[in-house]
Each structure stands twice: as structure tokens, then as C-alpha cells.
Amino acid sequence: MRLELVLWLVAGLMVLIGGGLCLAVSLRAAGQGGVQERERELTDRGPAVCAYLGLATLVGGLAWQGWVKRAWPGATAGEALLLVAGAALLLGTWVSHAGGAPHAAGGPRFAGAAGLKAAGDTEGAVGASGRLAYGGGLLATGVLILGATVLAWIVVPPAAPQAHTWLFGLRSGLASLGLGGWLFVFAGNLAALWQGRVNATVSEAAPGTAHAVLRAGYPWLTAALLAGWSWQMAAYAVPWRGVPADLWLVVAWLLGGAYLMLGSARWAKRLGAWPPAVLSFAGLAAALLAAGQAGSLFW
Amino acid sequence: MSNPPPENQKLEVHLIAKTTERTPRPDLFDTLWRAAGGTTATILLAVTLALTLTVAAIFPQQPPGLDGAAEERWLSAAAAGYPGLGPALRNLGIFNLLASPWRRILLALIAFHLLLRLANQARATWLARRQAQDPAPVHAGLPSREIPLPGPLNPAMERLADALVHRYPALALESSPEGALVYAERRGPEIAGPLVSYLGGLCLLLGLLINGAAGWVLNDVTLAPGGSARAPRTSLDISLKAIAGNGADAVSSVVASVPGGTRSGTAGYTRPFIWGTLWIVQRATGPALAVTARDASGKAILLQRAAGQETGEVISLPFTSSETEQAFAAPQRDIIFRVVNYPALPDQGYSGPVFLIEAYGGSDLSKPLLSRTVENEATIFVGDATFVLRREQHAVLSAASVPGLAPLALGGLLLLAGIVLSLWWGHARAWIDVTATDGALVAVATAASPAGDRGVLQRLVGLIAGTEAADAP
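Residues numbered from 1 in each chain as written. Chains lettered and ligands numbered in written order. Predicted model: local features only at pLDDT ≥ 70, side-chain atom pairs only at ≥ 80, totals over all residues.

All right, on to the overall build of chain A then. The helix and strand inventory of chain A stands at nine helices and zero strands. Per-residue burial over chain A gives 67% buried out of 299 residues. Taking as baseline every contact in chain A between residues at least 6 positions apart, the subset at least 24 positions apart corresponds to 80%. (Helix = DSSP H or I, 4+ residues; strand = E, 2+ residues; numbered from the N terminus. Buried ≥ 20, exposed ≤ 12 C-beta atoms within 10 Å, placed from the backbone. Contact = placed C-beta atoms within 7 Å.)

Dropping the structure here:
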């Protein structure tokens, strides 16, 4: 078996364990109405450690494969999906540590997914909601890593000459950073819908986490569009060819913009948690299709 | 004691009084302006464009540059891929959505909307430099903390305003006998973020408009060395002089000619040949077979490519992944050649690429006069004619005129700068809810910032605690 496949398999299992741990504590806390401080410390660190170890293993596999093929990763569906999963781990865990956007003054302490503690939230229920979103996001990422590994195992097309340039590597990296956030945005909204049945106030925290993740990833997605246009100018003489990978990337970008603006639309607040949840599902679908159709970039 | 505000920093505290006055009814123009330039319109347009592009991503789209019979062939083939639905999809223009009037209308609406937003935002940005906007609602999930304040209420609020105004120049305060609500904002370059992004979006649309009106694309021009092609509807001739290198390192030497001049250069993979607004790229390379022929006296024999009816003393046959078989003829000698390109013929001892050449007499195509394989170079004799065959490479080139590239690049950079400013810069908002109960004041401070909510809250608590310390004896 190829080394990179083994590494990705290990990464997927590690992330699944982290996500399962996080979800188990969240669900137990929901059942018991709270969670012990010591237990919280342990289970907050555990998933994050799993996520970062999984990320390192995943990146190791991608680097090894790139070295062997002498091409930047992201030219095939499997590689592009793995890049998205890696970026999701990085963004989701980073934002969850910091409780805000990147470069937030959060320090190394992991204070619960999003580390949120709203006014009057003496039981830390908002933190539990954020943890639920984080755990769900990790589980989804783990499944994505395993699925992409199977895809990379089955389909090994030769790298197109256009994938040998650093501009393509830049486009792939930026796109995955922009698209990866959608996994945690969707998980946050699912958590909100689930918890909204129990506690309407707490349910607002998970979209808050989702919003922060998307806010952190959206500029990267915009930069990916620019890098993609530059690469296409160099490789195909036109900035925009309308191939599926291009189209899904723009769809994910447009839906991201709509999602971010939804927070300031009064009518959307009256409709509750459903409009952002629907948008986040559409955004996630577009993100996965943008990565899954990476092969169309070389048509 | 807190320091007085600097002279150049005018304190603006807006007392928001609850009023019973009826708000004047907005006129129709105002209503339309607000509707067309509002957030809801932005969301609707973004989602509509996303849906349009989704349909375009699901169904195959007609490549640019096709016209006449080629367009008809492509559309028929695309419709045939959807039995039963094909003709309806074709009539609806689904296979040409990216060049349809619907897309143009949508982009025009977006341009109009961006213009309105730009006008609104320019005004709002100017006003918002120092003035707090309507207090945004506090949403659950933001970090907050309780801090006791020494009473009574009014002097405490004055001290609080003094302490906050240095860090949060835009301040709004609403007070009642039971307590007070302070909403404070700190704004920096990020207030220009939306303005810059709308401007970027408009520049992008301008670039697209210019490209659509004055640009053109010529795709998949297959040329062997010495070959040339003319871009339709333009006076541009592209010639391929030679190809150097192999695989990913292959580089084509090309010559571009227009009535005003000629320019030569090289085009490799992702290394385009650029001449003004003209871009030429090499999209693929592959094998080709160059053929020359002479009679017994050494005189050149005219050759003809069957496929393109191209004639000459030297012809070159390009082989692509979909076109592995070619034919050519020597009409004066009544000889027809069939050439097949094989990546390998292991059963005949060839592990690498090889050509199979068969020559037929013009009147009998059932049995070849000659059959042989050619790896790199060979000379074959048919009657008194000598044919020299040599392996070479062909290149698949694309050319495009992109006159709107400058506004596109500027628009993209502005869009990115605007989004980075809006989402990542240090815009900070703070809410302080002060309640007076049994003579004691308690402030609940909440903070939000794209740069991190908790860090901003920590500094805010420090500021509020400072007012307490200043009050202490």
C-alpha cells in the first residue's frame, strides 16, 4: 500500500476519535445538564490534540505524494478533498481555540469550542453548544478524509503539466483554506438546530462559532479566486473558463457572502435558524463539489 | 482622574431619546432606493447568481469561439446526452447559460445594485468616521463580564464616557432612572472595507464587459512546426516555428503577426507569450510525423494531407489522444499513405512510441504496397519516389485577446482588500448595560471584534475598572 494512503487513513481515524470524544462529552453534558470542570479540560484538549495530529499526518501524506509526483497537490478530486479537510481542521480548531477570528488574543488555552460564555450562561451551556458544533465538524472532517483516501486509492490520474507550477499550488492551498471552513459552518448550524429544540438562547451560540469560522476563511476564498484567475491566465490565456471547478468555487464564494450578510438582515432573524442552516448546507455542497471536480481544471 | 479628550478628538455622545413623534413616511423613490441598494437585495442577487452558476456547473456549457456548423454540432451532441429533456434544455438556453442574455441581465442588475451600495456606503463611511451607528443587537455567544460600579448613576456614567471615548470615539448612550445602556464603536481603516469591495466588484464587471465586447478566444489550435493558423474574425496569424524540450518542459517558439507588425516569442505550460492584450499559451504537446518526398531526379514531390486538404513539399501530421490515425497522399504518384501512432507495440519489440506506415496504390486500397514501422526517422522507397519520414512534436495552442485584464486585476485586488479590511481588521464594538439596584450599580460589559472578542473584552473591563480606581480615595 502506498505510504500516503496509510498516512491519510491514520489521519482520518485520529480525527474521528477526536470528534467522537467531543460529541460524547457534549451529549453527556446535555443529558446531565452540565459537565465537570476536570472533565471539560480533558475533553477540550483531547479533540484539539487529535485534530492537530491528524492535520500533521494528512499534510505529511500530501507532501510525500507531491514529492513523488513532482506536482503540487490539488489536481485530482482525492487530493483536493484532502486539502479541504486539512484546512477545515486548521480553521475549525484555530478559531475554536481563540474564540474569534484568527490572530485573536486567545492564547494556547483551549476554553471549549469557541470558548464562549454568554451573559447569564452560568452552566456553560453556550460552551457546550460550541463543543457540539466542533465535535460534529471533526466527525464530518474525519469522514471526508477517509472518503477522499478511498478516492485517491482508486483513481490515480497522471498530473497535468499545468499542475507543476507554484501558481497552481497557491490556488489549491488558498481554495482549500476558503472551502474548508464550510464543514464547521454546517456543523455549527446543525448543532444550533438540534439544540434550538432544547434552549433557544443557547442555539444562537453555534451559528456564532460558524460565523467566526466563515469570517476567518472568506478572505482566503476570495484570494483563491484571484490566484485561480491568475493561474488560468498563465495556463489557458483566459481568466475564466467556466469549468465546473471554477463555477462551484464562485458559487461557494457567493453563498459565503450571502451567509455573512444574513446576520445583518432583520427578516432573516425572524425566520430563526433555518435560513443560515440551508445556506450552510448549500455552501458545504458547493465547497465539496468545487474540490471534487478539481480534475475539470485541466479540461 | 481621567484625562480630558484630546482637542482634535471631539466627543460625540448622542443621547437617544425615546420619541413619540411619528416618523415621516418615506416617498416612493426612497423606498425603491433602499430596496434596490439594501442587504436583502445583495443576498437575493448573490443567491440568484449562485443558482445560475449551479445550473451551468451541472449541465455542459458551450465552449467560446464556436460558430455556425461547429456550434450546431456541439449543441446537438450536448442535447443528445439528455434523452427526452435535451431539446427542451437546448431551447431554454441551458447549454449556453454563461453567454446568455439572462447572465447579462443578472450582471447588469448586480452592477446597478453595486452602484447604489457604493453611493450609500460612501455617505455612511463619511458619517461613520466618528459617529456610532444604530446600536447593533447583542447576540448570545459574545463574551461578557459583570463589573460593580460605584454610584450614583449620573456621575458614574460621565466617568465611564470619559474613560471610553479615548478608545471608542463613537459612543451612544441611553439612560433612564433604572440604569443606562452604552454602545461604543472603534473604527479604523476597516470602515472603508465595504466601499473598497463594492468598487472592486464594479471594476470586475467593467473588465468582463470590456472582454465581452472587444476580446476574443481561439482554442485548441493544433500546429506542427512550420504550421500556421489565423484567428477567426481577426487579422492575427499564429505560426509555430519549433518545439524544444519534452513533457512538462516543452516550449513552443511562436510568431504572431498582425498587419501592423510581427512578434516572436516562446510559450510553455503556464508560461504564456504576451504581446499587448494578446496572450498565447501552450496547452498540450504530442507526437507528429513530418514527411518530404523526392523523385529519382531529386525534385520535390507535392504531398497532400487528406484531412485538411493541405498541400506542400513538406507536410506534418499531428497525432492527439483522440486522433491516432492520419492519412496523406502523393497525388502525382497516385499513392496514399495511412499512418497510425502507437504508444508501444510490445509484440513487435517496441516498448516506446512508434508509427505504423502503410502505402497503398490509388486504385487498390485492399492490400498495402508497403508496410513498416518508424520509431524516429526512416526513408522509404515506393517506385522511384523516396519518402523521408521524421518524428517531431506538435503543440496545441490557445490564443486570446484580453483587453479588460487591467480592470479585472484591479477589481480583484480591491475586492480582496475590501473583504480583508471588513472581516479581519480591528473594528470593535462594546455594549455596557448598567443597572441600578438598591443603590448599587452593576455594569455588564460585552464586546465583539473580528480580531477576537475576548481580548477586546479584557481591555474594555480594564477601562471600566479604571474608572472605579479613579473614583477610589
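For chain B, the count of helices and strands is nine helices and 22 strands. In chain B, buried positions account for 33% of the 473 residues. Excluding contacts between residues fewer than 6 apart, the proportion of contacts in chain B whose partners are at least 24 apart in sequence is 61%.

Another aspect to go through is the sheet that holds strand E15 (residues 325-330) of chain B. Residues and elements named next belong to chain B. Within the open sheet, the six strands sit side by side as E13-E12-E15-E16-E17-E18. Their pairing is antiparallel. A strand with exactly one partner marks an edge of an open sheet, and here the two such strands are strand E13 (311-312) and strand E18 (370-374). In this structure, strand E12 (residues 303-305) lies alongside E13, joined through two bridges in antiparallel fashion. Bridging from a neighbouring strand, Gln304 pairs with Thr311 of E13. (Pairing = 2+ DSSP bridges.)

Time to look at the pairing of strand E11 (residues 278-294) of chain B. Residues and elements named next belong to chain B. Here three bridges tie strand E10 (residues 273-275) to E11, and the two strands are oriented antiparallel to one another. Bridge pairing in E11 links Trp275 to Leu278. Note: E11 against strand E14 (residues 314-318), five bridges, orientation antiparallel. Looking at E14, one finds that Ala290 is bridged to Ser316.

Right, let's get into the environment of Gly81 of chain B. All names here are of chain B. Structurally, the position occupied by Gly81 is in the loop between helix H3 (68-80) and helix H4 (86-91). Gly81 gets classed as exposed once you count the C-beta atoms within 10 Å, which come to 12. It is 9.9 Å that separates the C-alpha atoms of Gly81 and Phe59, two residues lying 22 residues apart in sequence.

Here the focus is the confidence of the model for chain B. All names here are of chain B. Averaged over chain B, the pLDDT score is 83; the fraction of residues at 70 or greater is 87%. The low-confidence segment residues 1-21, where pLDDT is below 50, has 23 contacts with residues more than four positions distant or belonging to other chains. In the model output, the complex is listed with pTM 0.82 alongside ipTM 0.85. (pLDDT = per-residue confidence, 0-100.)

Here the focus is helix H6 (residues 153-165) of chain B. Every α-helix winds through 3.6 residues per turn, so residues three or four apart in the chain are directed the same way. For H6 of chain B, with 13 residues, the first-to-last C-alpha span of 18 Å sits near the 18 Å given by 1.5 Å per residue. All of the buried residues along H6 of chain B are Ala156, Met157, Arg159, Leu160, Ala161, Ala163, Leu164 and Val165 of chain B. (Expected span 1.5 Å × (residues − 1).)

Residues and elements named next belong to chain A. Averaged over chain A, the pLDDT score is 79; the fraction of residues at 70 or greater is 77%. Taken element by element, the predicted model of chain A shows its lowest mean pLDDT in helix H8 (residues 266-270) (70) and its highest in helix H7 (residues 244-262) (93). Under a pLDDT of 50 for its full length, residues 99-126 has, in the predicted model, 91 contacts with residues more than four places off or in other chains.

Once that is clear, we can look at the sheet that holds strand E6 (residues 228-230) of chain B. All names here are of chain B. The strand order across the open sheet built from four strands is E6-E7-E8-E9, with neighbouring strands paired in antiparallel fashion. Since the sheet does not close on itself, it has two edges, and those belong to E6 and strand E9 (261-268), each with one partner. The average angle at which neighbouring strand axes cross in this sheet is 25 degrees, direction not considered. (Axes fitted to C-alpha atoms, helices over the stretch in contact; angles between N-to-C directions.)

In this section: unusual backbone geometry. A positive phi angle, close to 70 degrees, is found at Ala237 of chain A, a residue other than glycine. Structurally, Ala237 of chain A is set in the loop between helix H6 (205-236) and H7. The buried category is assigned to Ala237 of chain A, around which 27 C-beta atoms lie within 10 Å. Its identity is not glycine, yet Asp334 of chain B carries a phi of approximately 55 degrees, on the positive side. Along the chain, Asp334 of chain B turns up in the loop between E15 and strand E16 (335-342). The class of Asp334 of chain B is exposed, set by 12 C-beta atoms lying within 10 Å.

This part takes up the packing of H7 of chain A against helix H9 (residues 274-292) of chain A. All names here are of chain A. Two elements in contact, H7 and H9, have axes whose closest approach is 8 Å; the angle formed by their N-to-C orientations is 160 degrees. With respect to H9, the axis of H7 lies roughly antiparallel. Remark: the crossing between H7 and H9 carries left-handed chirality. Residues Ala245, Trp248, Leu249, Val251, Ala252, Leu255, Gly256, Ala258, Tyr259 and Leu262 of H7 form the contact with H9, whose participating residues are Pro275, Pro276, Leu279, Ser280, Ala282, Gly283, Ala286, Ala287, Leu289 and Ala290. (Parallel < 35°, antiparallel > 145°, perpendicular 65-115°, else oblique. Left-handed = near helix turned anticlockwise from the far one by under 90°.)

With that settled, the discussion passes to H9 of chain A. For H9 of chain A, which comprises 19 residues, the first-to-last C-alpha distance of 27 Å matches the rise-based estimate of 27 Å (1.5 Å per residue) to within 8%. Within H9 of chain A, 14 of the 19 residues are buried, which leaves the element mostly enclosed by the surrounding structure.

Attention now goes to the nonpolar core. Within the largest apolar cluster, 175 residues are counted, with the highest numbers of intra-cluster contacts made by Ala252 and Ala290 of chain A together with Ile280 of chain B. When residues in this core are grouped by element, the largest group, 19 residues, is from H6 of chain A. Each of domain 2 (213-284 + 397-402) and domain 3 (287-393) of chain B accounts for three or more of the residues forming this core. Within the second largest apolar cluster, 30 residues are counted, among which are Ala156, Tyr168, Leu460 and Ile464 of chain B. (Core = buried A, V, L, I, M, F, W, Y, C linked by C-beta atoms within 7 Å. Domains from an automatic or database assignment.)

Another aspect to go through is the environment of Thr222 of chain A. With respect to the helices, strands and loops of the structure, Thr222 of chain A is situated in helix H6. Under the C-beta neighbour-count criterion, Thr222 of chain A is labelled buried, with 25 such atoms within 10 Å. The spatial distance from the C-alpha of Thr222 of chain A to the C-alpha of Leu249 of chain A is 9.6 Å, given a sequence separation of 27 residues. The residues contacting Thr222 of chain A, other than those within four sequence positions of it, are Trp253 of chain A together with Leu415, Leu416 and Ile419 of chain B.

Attention shifts here to the pairing of strand E17 (residues 354-361) of chain B. Residue and element names in this part refer to chain B. Bridge count between E16 and E17: eight bridges; the pairing is antiparallel. Across the sheet, the residue bridging to Ile335 is Gly361, located in E17. Both E17 and E18 contribute to a ladder of five bridges, which runs antiparallel. Among the inter-strand pairings, Ile357 is bridged to a residue of E18, identified as Arg372.

Inspection of the secondary structure puts Ile147 of chain B in strand E2 (residues 144-149). Those residues in contact with Ile147 of chain B that lie beyond four places of it in its chain are Ala443, Ala445, Val461, Ile464 and Ala465 of chain B.

Residues and elements named next belong to chain B. Orientation of helix H7 (residues 193-214) relative to helix H8 (residues 405-424), taken along the N-to-C sense of each, is 160 degrees, at an axis distance of 7 Å. Relative to H8, H7 is oriented roughly antiparallel. Handedness of the H7/H8 crossing: left-handed. Taken together, the residues that form the contact of H7 with H8 break down as 16 nonpolar, nine polar and no charged. (Nonpolar A, V, L, I, M, F, W, Y, C, P; charged D, E, K, R; others polar.)

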